[in-house]
Amino acid sequence: MLHRYKVGDLLDMRTDLRRSNRPAGTCEVLTCLPHEKGPLMYRVKSVSERNERVMEEADLSPSDSAKSLHEANESFFSIAVSKR
């Protein structure tokens, strides 16, 4: 299996109070951890905290803030191209 996310991606951490006390919020992928069996794992850093965590791929989802940043970059690029 391949990792869905790559280093530098901004993702939303889902909170699951049954398994941990981690807060929900935005995080950045620092490392895609090696995989032999079991769930795909990532080392992530929270945007609002100093903590780094190891998270399963199932507990992560694409962040809305990353989408808006990507859309802003696309619109900037299209303006630069249209001015040529």
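Above this text is the structure in question.
Residues numbered from 1 in each chain as written. Predicted model: local features only at pLDDT ≥ 70, side-chain atom pairs only at ≥ 80, totals over all residues. Heavy atoms only, no water.

Engineer: It is not clear to me how the pattern of salt bridges should be interpreted in this structure. Could you clarify?
Structural biologist: Any two side chains of opposite charge can pair, so long as their charged atoms come close to each other. For the structure shown, the criterion picks out two salt bridges. The salt bridge involving E49 is made with R53; its shortest N-O contact spans 3.1 Å. Using a relative accessible area of 27% as the deciding quantity, one classes E49 as partly exposed. (Salt bridge = Lys/Arg side-chain N within 4 Å of Asp/Glu carboxyl O. Buried < 20%, exposed > 50% of the residue type's maximum accessible area, 1.4 Å probe, protein only.)

Engineer: Please clarify how the nonpolar core should be interpreted in this entry.
Structural biologist: One recurring pattern in soluble globular proteins: nonpolar side chains tend to sit buried together. Counting residues in hydrophobic clusters, the biggest one holds nine residues: Y5, L11, M13, C27, V29, Y42, V44, M55 and L60. Within the residue set of this core, elements represented by two or more residues are β1 (10–13), β2 (25–32) and β3 (41–46). (Core = buried A, V, L, I, M, F, W, Y, C linked by side-chain atoms within 4.5 Å. Helix = DSSP H or I, 4+ residues; strand = E, 2+ residues; numbered from the N terminus.)

Engineer: Got a minute to help me understand the sheet that holds β3 in this structure?
Structural biologist: Strands in a sheet are paired, the pairing made by backbone hydrogen bonds, and the direction either parallel or antiparallel. Taken together, the five strands give an open sheet; going across it, the order is β4-β3-β2-β1-β5, and neighbouring strands pair in antiparallel fashion. Each edge of the sheet is formed by a strand with only one pairing partner; in this case those strands are β4 (52–56) and β5 (60–62). Strand-to-strand twist of the sheet, defined as the mean angle between neighbouring strand axes without regard to direction, takes the value 50 degrees. As paired elements, β1 and β5 share three bridges and run antiparallel to each other. By the bridge assignment, L11 is partnered in β5 with P62. (Pairing = 2+ DSSP bridges. Axes fitted to C-alpha atoms, helices over the stretch in contact; angles between N-to-C directions.)

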